[in-house]
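# Structural features, examined
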Amino acid sequence: TLSPASLTFPLQATGISSDTKQVTFANTSSVGTIITGVNLQGANPSDFNAWSGCPYPVAGGTNCPIYVQFLPQAVGARAATLAITDNAAGSPQTVDLSGSAAQATISVSPSSLLFDKQTMFTQSAPQNVTISNTGSVPASVSWTWLSGTNFSDFSEDANNCLIGPVPVGSSC
């Protein structure tokens, strides 16, 4: 048997993997059971990942984990079915999966910087740009870059934004 019968993931940013949740596979028989498939099907199977942490075979009277993650590719409600096939009666066994996704939203302030005249080959005082998460889900900043005319005359350091998701209402 599988438990729970359904998994619901909290609101998640598109393109960002959720924390891993666990479904328990219980072999209630007295003989070993061989899991032959861990499959995702239904409306949005590509929005979920699943894999077995079970031994081969699963000994009679024992439990083992099936792991599931939500990795939404589009906004809105997402759903799929986890199907576990094995050599026991009643196969496949299923778990309903659901979650909702939103697009992360950030703002950058200020939108431009103005530097005073600077002697060649000297470094100016640094100026800060703030990245704020104005959305409803954590935002991941994958990279920052400089562009425009003479961009190579400037440097940037965004390390404090690249260390992990920016929580809702927070800035870096």
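As shown above, the structure is provided for reference.
The structure contained in this document is the topic of the report that follows.

Turning to the overall build of the protein, a few remarks are in order. Along its length, the protein carries one helix and 10 strands. The order of α-helices and β-strands along the protein, N terminus first, is β-β-β-β-β-β-β-β-β-β-α. Dimensions of the protein along its principal axes, counting C-alpha atoms only, are 80 × 30 × 25 Å. Taking all 172 residues of the protein together, the buried fraction comes to 29%. At a minimum sequence separation of 6, the contacts of the protein that also span at least 24 residues come to 64%. Only carbon and sulfur atoms are counted for the fraction: they give 53% of the accessible area of the protein, which is about 10,500 Å².

Right, let's get into the packing of aromatic side chains. According to the stated counting rule, one finds five aromatic pairs in the structure shown. Look at Phe9 and Phe48: their rings are 6.0 Å apart centre to centre, the planes differ by 55°, and that puts the pair in the tilted class. Taken together, the positions of Phe9 in strand 2 (residues 6-13) and Phe48 in strand 5 (residues 48-52) put the pair 39 residues apart, joining distant regions of the chain. Phe48 shares its class with Phe9; the two are buried. Every member of this aromatic cluster is reached through a ring pair, and the members are Phe9, Phe48 and Phe70.

Turning our attention to the environment of Gln93. With respect to the helices, strands and loops of the structure, Gln93 is situated in strand 8 (residues 93-102). The exposure class assigned to Gln93 is buried, which follows from its relative accessible area of 15%. For the pair formed by Gln93 and Ala83, sequence separation is 10 residues and the distance between their alpha carbons is 5.6 Å. When neighbours within four sequence positions are excluded, Gln93 is seen to be in contact with Thr1, Leu2, Phe25, Leu82, Ala83, Ile84 and Asp86. Engagement of the side chain of Gln93 in a polar contact is seen with the backbone nitrogen of Thr1, the distance being 3.2 Å. Side chain to side chain, Gln93 and Asp86 meet in a polar contact 3.0 Å long.

Thresholds applied
- Residues numbered from 1 in each chain as written.
- Predicted model: local features only at pLDDT ≥ 70, side-chain atom pairs only at ≥ 80, totals over all residues.
- Heavy atoms only, no water.
- Helix = DSSP H or I, 4+ residues; strand = E, 2+ residues; numbered from the N terminus.
- Buried < 20%, exposed > 50% of the residue type's maximum accessible area, 1.4 Å probe, protein only.
- Contact = heavy atoms within 4.5 Å.
- Areas by Shrake-Rupley, 256 points an atom, 1.4 Å probe, with all protein chains shown as cover.
- Phe/Tyr/Trp six-rings, centres within 6.5 Å; stacked < 30°, edge-to-face > 60°.
- Polar contact = N/O pair within 3.5 Å; in protein donor to acceptor, adjacent residues only side chain to side chain.

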